Amino acid sequence: MNDFSTYEYAVAPDKKRNKVIRHRRVLMIVAYVLFPLAFILFFTVINFPWAIFFVAFAEVMFITISWRHAIDFSYEYSITSGSLTLSKIFGNSSRKTIMEMTIKDAALIAPLTDRAQRDRLDDYDPEVVYNALSCPDTEDGYFMIWRDENDRKCAFLFEATAQTLKICRFYNPSATVISKVRY
């Protein structure tokens, strides 16, 4: 039996280098300060002041639910028998499947660091981009382009490992461009 039957790789966004995560973190902290103030003001205006006692409970629920969806998440791609699945994992407790595709449907699998290949991605002009990179300038960044079942141009940006590239080369040798990766 070959070693290509199942492979999983998880990537957490780099919270220090990723500007989007940094901006989200600041906005969430501001929201955590403003939410109880708005809660108290609302119930005072509608003359329902005893509901203010629930502000601590509401604040804890708001933080618990929103932080893991906005800040504390990671991406995991898994390859099973030539089928690639991208999932988003929230707070190490729940998972949401974002996309599924078969590797043999890919038109190109290439590194983002190669300028000629990056130009091919830009020329392809995908309608849907699935981004599972820890930060935009990661050194092991790869992309995969294909058309989905609705005939939309799609791109998947991911951090490649040597095993991922071996599997991609096994299932779609003509579309896979291999370069040296860290892992």
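See the structure above.
Note that the structure is predicted; figures quoted are calculated from it, not measured.

This part takes up the overall build of the protein. Assigned secondary structure in the protein consists of four helices and eight strands. Secondary structure elements of the protein occur, N-terminal to C-terminal, as β-α-α-β-β-β-β-α-β-β-β-α. The C-alpha radius of gyration computed for the protein amounts to 21 Å, which surpasses the reference 16 Å derived for 183 residues by more than 25%, pointing to a less compact arrangement than a globule. Taking the principal axes of the C-alpha coordinates as reference, the protein spans close to 70 × 35 × 35 Å. Counting the 183 residues in the protein, one finds 43% classified as buried. Contacts spanning at least 24 positions in sequence make up 60% of the contacts within the protein whose residues lie at least 6 apart. Carbon and sulfur atoms form 59% of the exposed surface of the protein, whose accessible area is close to 10700 Å².

By the secondary structure assignment, G82 is in the loop between β2 (73-80) and β3 (83-90). Remark: the alpha-carbon pair of G82 and R118, spanning 36 residues in sequence, is separated by 24 Å. Among residues more than four places away in sequence, those in contact with G82 are M101, T102, I103 and Y171.

Counting across every chain of the model gives 15 aromatic pairs. Here F156 and F158 contribute two aromatic rings whose centre-to-centre distance is 4.9 Å and whose plane-to-plane angle is 15°, an arrangement assigned as stacked. For F158, a relative accessible area of 1% puts it in the buried group. Centroid distance F170 to Y171: 5.0 Å. Interplanar angle 85°. Geometry classified as edge-to-face. Residue classification places F170 among the partly exposed positions, given a relative accessible area of 44%. Residue class for Y171 comes out partly exposed when judged on its relative accessible area of 25%. Put simply, the rings of Y32, F35, F39, F42, F43, F48, F62 and W67 touch in pairs and so form one group of aromatic residues.

Criteria and thresholds
Residues numbered from 1 in each chain as written. Predicted model: local features only at pLDDT ≥ 70, side-chain atom pairs only at ≥ 80, totals over all residues. Heavy atoms only, no water. Helix = DSSP H or I, 4+ residues; strand = E, 2+ residues; numbered from the N terminus. Rg over C-alpha atoms; globule rule 2.2 N^0.38 Å. Buried < 20%, exposed > 50% of the residue type's maximum accessible area, 1.4 Å probe, protein only. Contact = heavy atoms within 4.5 Å. Areas by Shrake-Rupley, 256 points an atom, 1.4 Å probe, with all protein chains shown as cover. Phe/Tyr/Trp six-rings, centres within 6.5 Å; stacked < 30°, edge-to-face > 60°.

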